[in-house]
Amino acid sequence: WDNADFSRGVGTTFYQEFSTLNTAKPPFVRDVEAKVRRYMRSSYSAAWTLKITWEKAPVYSSWTDTQKTITYQAVLTTDGFRSYILMLYQDRGMQWDYTRLAATNVLIGYT
């Protein structure tokens, strides 16, 4: 992750919360459950899920270039005992010029 700069009115951040403890699960939550089951190879039933989207986020400081943006999501989910995060990036969505960032060890995701 790097610093995004929304100070020039470019880009949007929004979120959607899904509390599914005793309710029907929307398709998005069922898809998250399926991904957790597949990647973790265990049973999983979400009680709560939060989807955060950064859409067309310009790099800090946006005065350098507001045309090169990135769109990505973080999905946090828990069954009340175990918690997971999915980090999703738009295909070909990384438009930041990573050669101009302060950090030179850039990667998408986490370690």
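Please refer to the structure placed before this passage.
From a predicted model like this one, the values you see are computed outputs, not experimental measurements. (Residues numbered from 1 in each chain as written. Predicted model: local features only at pLDDT ≥ 70, side-chain atom pairs only at ≥ 80, totals over all residues. Heavy atoms only, no water.)

On to the overall build of the chain, then. Regarding its fold elements, the chain presents one helix and four strands. Helices (α) and strands (β) of the chain occur, in sequence order from the N terminus, as β-α-β-β-β. In the chain, which comprises 111 residues, the share counted as buried stands at 34%. Counted over contacts in the chain with a minimum sequence separation of 6, partners at least 24 positions apart contribute 61%. Accessible area for the chain stands at about 7700 Å²; split by element, carbon and sulfur atoms hold 52% of it. (Helix = DSSP H or I, 4+ residues; strand = E, 2+ residues; numbered from the N terminus. Buried < 20%, exposed > 50% of the residue type's maximum accessible area, 1.4 Å probe, protein only. Contact = heavy atoms within 4.5 Å. Areas by Shrake-Rupley, 256 points an atom, 1.4 Å probe, with all protein chains shown as cover.)

Another aspect to go through is the pairing of strand 4 (residues 83-89). Where strand 3 (residues 69-78) meets strand 4, seven bridges bridge the pair, whose relative direction is antiparallel. Its bridge partner being in strand 4, Leu76 is matched across the sheet by Ile85. The antiparallel pairing of strand 3 with strand 4 creates a hairpin that spans four residues between the two strands, and Gly80 there sits at a positive phi of about 100°. (Pairing = 2+ DSSP bridges.)

Time to look at the pattern of salt bridges. In this structure the tally under the stated criterion is four salt bridges. Note that Asp31 and Lys35 form a salt bridge whose closest N and O atoms lie 2.9 Å from each other. One end of the pair, Asp31, and the other, Lys35, are both in helix 1 (residues 27-40), four residues apart, so they sit about a helical turn from each other. (Salt bridge = Lys/Arg side-chain N within 4 Å of Asp/Glu carboxyl O.)

Time to look at unusual backbone geometry. If you check the backbone angles, Arg41 has positive phi at about 55° while not being a glycine. Along the chain, Arg41 falls in the loop between helix 1 and strand 2 (48-58).

Glancing now at the sheet that holds strand 4. As a general point, the strands of a sheet are linked pairwise by backbone hydrogen bonds and lie either parallel or antiparallel. Spatially, four strands are ordered 1-2-3-4 in an open sheet, and the strand pairing comes out antiparallel. In this open sheet, the two edge strands, each paired with only one partner strand, are strand 1 (12-19) and strand 4. Sheet twist, expressed as the average angle between the axes of neighbouring strands with direction ignored, equals 10°. For strand 2 and strand 3, the ladder comprises nine bridges, and the chain directions are antiparallel. Bridge assignment links Ala57 to a residue of strand 3, and that residue is Ile70. (Axes fitted to C-alpha atoms, helices over the stretch in contact; angles between N-to-C directions.)

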